[in-house]
Number of protein chains: 2
Amino acid sequence: MKVPKRQQAVNNVRPTIRDVARAAGVSTATVSNVLRGTRFVGPARQKKVRDAIELLGYNPNWLAAGLRARRSGVIGLVVPDITISFFSGILSRIEELAAGSNYQIILADAQEKPERERERVRALLRRQPDGLILVPCSDYSAALQDIRQHKVPAVLVDRGGEVSGFDSIDVNNFDATREGAGHLLRLGHRQILAVATNPALRNIAQRIAGFKAALKAGRGRGQIINCSDPVEARQKVLRVLRERDRPTAIFAFTEQMALGSLRAIWESGIEFPGGISLIAFDDCEWMTALRPFVSTLRQPTNAIAEKAWLTLLKRLQGNQRIRSRQQLECTLMIRESTTRPGRVASQLAESAARRQTADPSG
Amino acid sequence: MKVPKRQQAVNNVRPTIRDVARAAGVSTATVSNVLRGTRFVGPARQKKVRDAIELLGYNPNWLAAGLRARRSGVIGLVVPDITISFFSGILSRIEELAAGSNYQIILADAQEKPERERERVRALLRRQPDGLILVPCSDYSAALQDIRQHKVPAVLVDRGGEVSGFDSIDVNNFDATREGAGHLLRLGHRQILAVATNPALRNIAQRIAGFKAALKAGRGRGQIINCSDPVEARQKVLRVLRERDRPTAIFAFTEQMALGSLRAIWESGIEFPGGISLIAFDDCEWMTALRPFVSTLRQPTNAIAEKAWLTLLKRLQGNQRIRSRQQLECTLMIRESTTRPGRVASQLAESAARRQTADPSG
DNA sequence: TTGAAAGCGATACCAC
DNA sequence: GTGGTATCGCTTTCAA
């Protein structure tokens, strides 16, 4: 004697829409309509359905819904490294906005490795994401090919630049860097060390360009080094600081590079900021926690996240009238770590320095 | 004249398993078996199938697969605030491990709000996650009820404690705090301010208990304040530092509280660390970037993440032999921000202080 | 060893 | 307004 499985009132299994329908004495169509407001349902049934849902503790299965509706409600978000606060800030805001529109975020961390990025993107695409937000880890990422093939709307953040077929949001790195370097030049610095990461990244390339432009205009001499992490930055910067003709200022192109540079500065024994100035991209809370407060170029993290989300949302809604490339401006935050160049290189040897610290500025 | 949709070779639509089957001249069952290695398939067909997959650029639809197999391949991860580096560190490691086992992470940020946490958890449960990893934002979270009801395996991290039906991983907060406070007491501090967050959180409650225990044993006097964010911490700490009989040391129970306390210290004008010592939970990179380097209690972030993932994975594999509660130890990192108490409260008025800084200790 | 076909749990079209 | 039901793309018996 066969009994359709559905009919046995199994108790320890998650209720389905049919269980609700049966309990409420209506059809599954009605339950679905109550839930999604797709079409009008009479108040009496409306209530019966809601009661049944409450009673059974029903929670719809999005796998099934997504399969049928061809809309997964999932957005894939790929970042180069989630432990970097610039990225986690963006992620945080996007997650919030997405949740507000009933989307969820599948996170993929590429760990700054293009192969890994590609692998993660492919896995993501299997999930039928409705859209993708991507902070690429290489300038021209293989992953983009896969995305194109799957025809999933995607927006490129921070390091995107102009790649055909993708929307992109970034900041005006060129002007920001020029402004930062200009600040140093105006203070009187003539020899500046830029600590960059991978010049193949769009944003870094732009910063390098801005840096060079400023030096050229301001008659300064510059040196640029590329490091992949704080440890490498620390070593390389230290080496530069120990040269006879050392720079009087450092321009760190990311928070990570600032961290490495700072370690190097302390180890060099040079008075800071008296003997060496520092300015950094990425305005982090810790930069105003200990002295000297670090001068920075603040990127509008929230605005970046919001623009990225809004752009994607419009695409999801089929809106075609979107500026495909949007750029935001950074803000120069002058604090204590940038001062006029005081000591000269020959005084380098002095160590265990006494430092003058001013009152907190803000 | 009706034509079954399937038969029209639609070109601009993602290929399905049936397209592959047709192209390879086999059944869908065979394609599935080739893909998943479920059962043996003859080498000739094997190859035909693989070729067809390659040709069509087929990527399986996980929504459909998950629906059918009752296994979504998704893990829900709920954190109180992803911008806090302790949580993003854990997330980062878990994401990596999960990807290694072919799972993906749906991220939910509760923003330290229990209502929000519950809402996010419910949304997560609709996704049919195979498991959940949760850093709860309240001691006894309503969300846990929902999880129980859905019978999804879940592990509680950091703030879990012993909740029946859930595995949990945390650190020995009691001993760690006792050790930290003991360090201050041994230096000679007798009046210590603890800057805590929400005492309803398990881990914070344990830290408070450890703090009290240390004070009692060491004959110190303590004061505990609770703050919800750095701004509040800054204000409250500043107020305390301006009292006549002010503490000579501060114990910040989280990175956020350390940030707020530091702002207050600078604003108070008290010499630091000469006039006021500071020790903090959570060992962050920035704490050794600027002077004085901050003494901390380091939590083994990676180990926490790994244990959490491993525990969940075992549950997913049906392993029942799991210690339901696992605890890890913290490490006291003594640096420069904790010194013997020097100045007394009456000297508070002096400001624009000159500070002695030692060489970096490493 | 392989194929046919019955679902998984929703949605949405077509009737009434 | 409401209900019946084909269907989304895949997995997994059951038969052959």
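Please read all numbers here as calculations on a predicted model, not as lab measurements. (Residues numbered from 1 in each chain as written. Chains lettered and ligands numbered in written order. Predicted model: local features only at pLDDT ≥ 70, side-chain atom pairs only at ≥ 80, totals over all residues. Heavy atoms only, no water.)

(A) Summary view of the protein's contact with DNA strand D. Not every one of the 26 residues close to DNA strand D is listed here, only the nearest: Thr30 and Gly42 of chain A together with Ile17, Tyr58 and Arg68 of chain B. Sugar plus phosphate, as a fraction of atoms of DNA strand D within 4 Å of the protein: 63%. Within the side chain of Ser32 of chain B, a nitrogen or oxygen atom sits 3.0 Å from a phosphate oxygen of DNA strand D. For the surface near DNA strand D, the elements supplying multiple residues, two or more each, are helix H2 (28-36) and helix H4 (62-69) of chain A together with helix H2 (28-36) and helix H4 (62-69) of chain B. Grouping the constituent residues of the surface near DNA strand D by class yields 11 nonpolar, 7 polar and 8 charged. (Near = heavy atom within 4 Å. Polar contact = N/O pair within 3.5 Å; in protein donor to acceptor, adjacent residues only side chain to side chain. Helix = DSSP H or I, 4+ residues; strand = E, 2+ residues; numbered from the N terminus. Nonpolar A, V, L, I, M, F, W, Y, C, P; charged D, E, K, R; others polar.)

(B) Focus on the interface of chain B and chain A. With 67 residues of chain B at the interface, the matching set in chain A holds 68 residues. Summed over both partners, the interface of chain B with chain A comes to about 6,400 Å²; 51% of that surface belongs to carbon and sulfur atoms. Ranking the residues of chain B by area buried against chain A places Leu63, Arg127 and Leu290 of chain B at the top, with a combined share of 12%. Counting every contact that joins chain B to chain A gives 4 salt bridges. For Arg116 of chain B, the salt bridge is made with Glu96 of chain A, and the minimal N-O distance between the two is 4.0 Å. Our count for the contact surface shared by chain B and chain A stands at 30 residue pairs in polar contact (both at pLDDT 80 or more). Mapped onto the side of chain B that touches chain A, the elements with two or more residues apiece are H4, helix H5 (85-100), strand S2 (104-109), helix H6 (114-126), helix H7 (142-150), helix H11 (255-268) and strand S13 (354-356) of chain B. (Contact = heavy atoms within 4.5 Å. Buried area = accessible area lost by both parts, 1.4 Å probe. Salt bridge = Lys/Arg side-chain N within 4 Å of Asp/Glu carboxyl O.)

(C) A look at the side chain of Arg207 of chain B. All names here are of chain B. On the secondary structure map, Arg207 appears in helix H9 (residues 202-218). The side chain of Arg207 is buried and forms no salt bridge, while Asp158, the nearest opposite charge, is found at 4.6 Å. When residues no more than four places from it in sequence are discounted, the contact partners of Arg207 are Asn173, Thr177, Phe253, Thr254, Phe281 and Gln299. (Buried < 20%, exposed > 50% of the residue type's maximum accessible area, 1.4 Å probe, protein only. Lys, Arg positive; Asp, Glu negative; His and termini not counted.)

(D) Structural context of the pattern of salt bridges. Residue and element names in this part refer to chain B. One pass over the structure, following the stated rule, counts 42 salt bridges over all chains. When the shortest N-O distance is used, the salt bridge between Glu162 and Arg325 registers 2.8 Å. Here the residue Glu162 occupies a position in the loop between strand S4 (154-157) and strand S5 (167-171), and Arg325 occupies one in strand S11 (residues 325-328), the gap between them amounting to 163 residues. When its relative accessible area of 59% is taken as the criterion, Glu162 is described as exposed. The exposure class of Arg325 is partly exposed, given its relative accessible area of 25%.

(E) Quick look at the confidence of the model for chain A. Residues and elements named next belong to chain A. Per-residue confidence for chain A gives a mean pLDDT of 89, with 91% of residues at or over 70. Across residues 1-10 the pLDDT falls below 50, and counting only partners more than four positions away or on other chains, this stretch makes 5 contacts in the model. Per-residue pLDDT stays below 50 along residues 344-362; that stretch engages in 46 contacts with residues further than four places along the chain or on separate chains. (pLDDT = per-residue confidence, 0-100.)

(F) The relation of the copies chain B and chain A, seen in detail. Structural alignment of chain B on chain A gives an RMSD of 0.5 Å, achieved by rotating through 180° and translating 0.3 Å along the axis. Each copy turns onto its partner about a two-fold axis. Looking at the rotation axis and the C-alpha trace of chain B, the residue lying nearest is Ile106 of chain B, at 2.1 Å. Taken as a fraction of all interface residues of chain B, those also at the interface in chain A reach 99%, which identifies the copy contact as same-surface. (Least-squares fit on C-alpha atoms with pLDDT ≥ 70 in both.)

(G) Up close: the pairing of S2 of chain B. Across the 6 residues that make up S2 of chain B, a large majority, 6, are buried. Of the two faces of S2 of chain B, the one carrying Gln104, Ile106 and Ala108 of chain B and the one carrying Ile105, Leu107 and Asp109 of chain B are both buried. Summarising the sheet, strand S2 (residues 104-109) of chain A and S2 of chain B pair through 3 bridges and their orientation is antiparallel. The residue of S2 of chain B that forms the bridge with Ile106 of chain A is Ile106 of chain B. Where strand S1 (residues 74-79) of chain B and S2 of chain B come together, 6 bridges link them in parallel fashion. Paired with Ile75 of chain B across the strands is Ile105 of chain B, a residue of S2 of chain B. Once the chain exits S1 of chain B it traverses H5 of chain B before rejoining the sheet at S2 of chain B, and the crossover so formed is right-handed. (Pairing = 2+ DSSP bridges. Right-handed = clockwise from strand over helix to strand, strands pointing away.)

(H) The packing of aromatic side chains, seen in detail. All names here are of chain B. A full pass over the atoms with the stated rule returns 16 aromatic pairs over all chains. For the ring pair Phe211 and Phe253, a centre distance of 6.1 Å and an interplane angle of 80° mean the geometry is edge-to-face. Separated by 42 residues along the polypeptide, Phe211 in helix H9 and Phe253 in the loop between strand S8 (249-252) and H11 bring together distant segments of the chain. Its relative accessible area of 1% is what places Phe211 among the buried residues. (Phe/Tyr/Trp six-rings, centres within 6.5 Å; stacked < 30°, edge-to-face > 60°.)

(I) Just the packing of helix H1 (residues 17-24) of chain B against helix H3 (residues 43-56) of chain B, in detail. Residue and element names in this part refer to chain B. Put simply, H1 and H3 touch, their axes get as near as 8 Å, and they point 125° apart. Compared by their axis directions, H1 and H3 come out oblique. Read as a crossing pair, H1 and H3 show a hand that is right-handed. Packed against H1, whose contacting residues are Asp19, Val20, Ala23 and Ala24, the element H3 presents Lys48, Val49, Ala52, Ile53 and Leu56 at the interface. Per-class residue counts for the contact of H1 with H3 are 7 nonpolar, no polar and 2 charged. (Axes fitted to C-alpha atoms, helices over the stretch in contact; angles between N-to-C directions. Parallel < 35°, antiparallel > 145°, perpendicular 65-115°, else oblique. Left-handed = near helix turned anticlockwise from the far one by under 90°.)

(J) Broad picture of the protein's contact with DNA strand C. The environment of DNA strand C is formed by 27 residues, the closest being Ile17 of chain A together with Thr30, Gly42, Arg45 and Arg68 of chain B. Taken together, the sugar and phosphate atoms account for 60% of what DNA strand C places within 4 Å of the protein. The contact in question runs from a phosphate oxygen of DNA strand C to an N or O atom on the backbone of Ser27 of chain B, over 3.2 Å. At the level of elements, H2 and H4 of chain A together with H2 and H4 of chain B are the ones that each hand at least two residues to the surface near DNA strand C. The leading source of residues in the surface near DNA strand C is H4 of chain A, at 4 residues. Within the surface near DNA strand C, the residues separate by chemical class into 12 nonpolar, 7 polar and 8 charged.

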